[in-house]
Amino acid sequence: MQVPQTRYARSGDVRIAYQVVGHGPIDLVFVPGFVSNLDIHWEDPGYAHLLRRLSAFSRLILLDKRGTGLSDRVDIHHLPSLETRMDDVRAVMDAVGSQRAALLGASEGGPMSILFAATYPQRTRALLLYGAYAHFYSWVLSPTKLQAFIDRAENSWGTGQALGAFAPGMMDRPRFCDWWARYERVGASPAAAVALARMNAEIDVRPVLSAVRVPTLVLHRGEDVRVNVGGGQYLARHINGAKYVEMPGSDHLIWVGDIDRVVDEIEEFLTGARPGTDHDRVLATVVAADIVDAARGAAQHGDRRWVDLVHDYHAAAEAEIERFRGRIVGKRPDGTIACFDGPARALRCAGAMREAAARLGLRLRCGVHTGELEMREEETGGLTLHIAVQIAATARPGEVVASGIVRDLVAGSGLRLRETRTVRLDGVAEPLRLHAVEEQEAPAPVPAALVVEPQDVVLGQTKSADGCFIIDAGVWSVPIIAVQPDWQLISSLL
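Parameters at a glance
- Residues numbered from 1 in each chain as written.
- Predicted model: local features only at pLDDT ≥ 70, side-chain atom pairs only at ≥ 80, totals over all residues.
- Heavy atoms only, no water.
- Helix = DSSP H or I, 4+ residues; strand = E, 2+ residues; numbered from the N terminus.
- Buried < 20%, exposed > 50% of the residue type's maximum accessible area, 1.4 Å probe, protein only.
- Contact = heavy atoms within 4.5 Å.
- Areas by Shrake-Rupley, 256 points an atom, 1.4 Å probe, with all protein chains shown as cover.
- Core = buried A, V, L, I, M, F, W, Y, C linked by side-chain atoms within 4.5 Å.
- Salt bridge = Lys/Arg side-chain N within 4 Å of Asp/Glu carboxyl O.
- Expected span 1.5 Å × (residues − 1).
- Axes fitted to C-alpha atoms, helices over the stretch in contact; angles between N-to-C directions.
- Parallel < 35°, antiparallel > 145°, perpendicular 65-115°, else oblique.
- Left-handed = near helix turned anticlockwise from the far one by under 90°.
- Nonpolar A, V, L, I, M, F, W, Y, C, P; charged D, E, K, R; others polar.
- Phe/Tyr/Trp six-rings, centres within 6.5 Å; stacked < 30°, edge-to-face > 60°.
- Lys NZ or Arg CZ within 6 Å of the ring centre and 35° of its normal.

Right, let's get into the overall build of the protein. Helix and strand counts for the protein stand at 16 helices and 19 strands. The buried share among the 494 residues of the protein stands at 53%. Long-range pairs, those at least 24 residues apart, make up 71% of the contacts in the protein with a sequence separation of at least 6. Of the roughly 22,600 Å² of accessible surface on the protein, 50% is carried by carbon and sulfur atoms.

Here is the structure:
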């Protein structure tokens with residue numbers, strides 16, 4: 001999705017960066033947590049998916065809080081209070097012509113959203129709190145743990161080291177780790193990050209909760225590593241009429257883990273309608289890629305070198321899958337499984353993954369199959385996955401093999417597949433026709449036209465209407481134009 005245009009709203013002497021996405025009937029202001037950056041949110045597939053889903057039923061209003069992201073930097077010794085940040089939200093709403101909006105406060109964005117809802121109920125349609133809290137020391141970090149976090153941030157902010165404190169489930173994803181390190185750097189400077197951490201520690205909106213009089217939804221993951229689940233439960237108990245939904249998971253970030261479950265709850269709360277379950281089962285093309293002779297490779301290279309090679313392969317494969325708009329649905333020590341919304345993209349991605357592995361000295365065998373998949377939150381399953389894995393097991397080293405249905409669906413794409421064999425697979429009643437993707441060879445170069453005198457050509461060619469002759473050399477048909485002959489060149493062609 002193209003990154004929306006960033007604009008600025010003036011709040012006092014400070015300019016607040018904001019974006020607007022979607023055209024739904026409900027205005028929804030997303031107040032982010034610790035740090036943010038409007039532009040690079042769209043670079044992460046999970047974050048982009050969250051924003052696309054929210055903007056599907058709302059006019060989504062995004063902002064970077066002052067001192068973070070694209071908004072004006074502020075004196076780190078005089079950071080803004082919650083009241084000032086609340087005024088920043090009001091300034092953005094005024095700039096986009098929003099008289100009344102629902103506020104989605106995530107993590108540290110929650111307390112400020114609570115204060116806004118209590119202060120401006122006439123401008124607050126609903127209050128949505130995710131992974132939020134009322135008192136920092138009670139449910140986020142104790143003073144001792146806060147100081148330890150600050151000490152680490154002072155020395156390593158911008159390296160991605162803090163990811164474990166927010167989303168441990170993403171630490172085995174190299175591309176996400178790299179993105180997160182950049183997210184830290186463009187979200188706030190090291191000094192600002194430390195100052196923000198200290199400022200957030202002073203947050204206590206417990207006395208304000210009883211003044212909230214708007215419909216409220218509290219969402220929290222049961223094993224949240226950053227904000228204890230008790231923080232969400234406390235909010236729900238002390239905000240009159242609040243609805244509380246506890247979900248499984250330990251990652252604190254709203255844009256990782258079970259994103260769709262979070263958005264489903266928000267959509268139902270705001271619109272009264274939950275997305276239909278008919279979208280759970282979708283048609284997709286699955287690529288299963290296995291590293292050939294993985295055990296032998298580990299023995300040959302040694303454990304340390306082999307782990308590095310496989311790590312590099314997974315990073316390269318993830319990059320190709322993202323480039324071809326796919327999604328990883330399974331990662332194994334010796335392979336990858338991904339799904340795509342188009343069979344041609346799946347085949348081309350399989351070829352790109354094979355080439356990426358070859359550059360590392362590894363060989364892949366790939367199986368490709370199209371069928372229905374069951375999508376449930378972060379879980380993807382179905383017979384199609386198992387068929388793709390079995391097809392991959394039949395492939396030769398370096399071969400991309402697809403089922404007959406894939407061959408039929410890519411007709412006209414320019415991809416060439418040849419039938420190689422018929423196999424019986426577990427779970428499939430009838431034998432399955434398999435087709436191997438053929439390499440696209442570059443055409444042989446065509447020589448320039450030869451020039452000879454027509455009366456000197458005595459090879460029995462057919463003379464054309466324009467006085468030229470054609471020599472059939474078995475590879476090319478070469479036009480002969482009347483000038484002086486070069487019989488040596490003609491002989492070489494023949």
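Membership of the largest hydrophobic core comes to 104 residues, with the highest contact counts inside it found for W180, W255 and I266. Sequence-distant contacts of I266, that is, excluding residues within four places in its chain, are made with L54, F57, L104, L128, L217 and L219. Counting residues in hydrophobic clusters, the runner-up holds 33 residues, among them A289, A344, A357 and C366.

Before going further, it helps to spend a moment on unusual backbone geometry. Even without a glycine there, the phi angle at D293 is positive, about 55 degrees. Look at R325: it is not a glycine, yet its phi comes out positive at around 60 degrees. Its location among the elements puts R325 in the loop between α12 (303-323) and β10 (327-332).

Here the focus is the pattern of salt bridges. This structure, assessed with the given rule, holds 23 salt bridges. Here E265 and R261 are joined by a salt bridge, their closest N and O atoms 3.1 Å apart. Of this pair, E265 and R261 both sit in helix α10 (residues 259-271), four residues apart, roughly one helical turn. Neither E265 nor R261 differs from the other in exposure class; each is buried. For R416, the salt bridge goes to E438, with nearest N and O atoms at 3.4 Å. One end of the pair, R416, is in the loop between α15 (404-409) and β15 (417-423); the other, E438, is in the loop between β16 (432-437) and β17 (450-452), and 22 residues separate them in sequence.

When the terminal C-alpha atoms of helix α3 (residues 82-95) are compared, their 20 Å separation across 14 residues agrees well with the 20 Å that a helix rising 1.5 Å per residue should span. L82, R85, M86, D88, V89, A91, V92 and M93 are the residues of α3 that are buried.

Look at helix α11 (residues 294-301) against α12: their axes get within 6 Å of each other, and the N-to-C directions meet at 130 degrees. Relative to α12, the element α11 lies oblique. Crossing geometry of α11 relative to α12 is assigned as right-handed. Between α11 and α12, the residues in contact are A294, G297, A298 and H301 and D303, R305, W306 and L309, respectively. Per-class residue counts for the contact of α11 with α12 are four nonpolar, two polar and two charged.

One pass over the full model with this rule turns up 15 aromatic pairs. Between F34 and W157, the ring centres sit 5.9 Å apart and the planes meet at 80 degrees, which makes this aromatic pair edge-to-face. Separated by 123 residues along the polypeptide, F34 in the loop between β3 (26-31) and α1 (38-41) and W157 in the loop between α6 (143-156) and α7 (174-187) bring together distant segments of the chain. With a centroid separation of 5.5 Å and 40 degrees between ring planes, the pair formed by F176 and W179 is classed as tilted. Note that F176 and W179 are positioned in helix α7 at a spacing of three residues, about one turn of the helix. The exposure classification of F176 matches that of W179, with both residues buried. Ring pairing ties together the aromatic residues F34, Y47, F149, W157, F166, F176, W179, W180, Y183 and W255, which thus form one cluster. The ring of F149 has R226 lying over it, and the distance from NZ or CZ to the ring centre is 4.6 Å.

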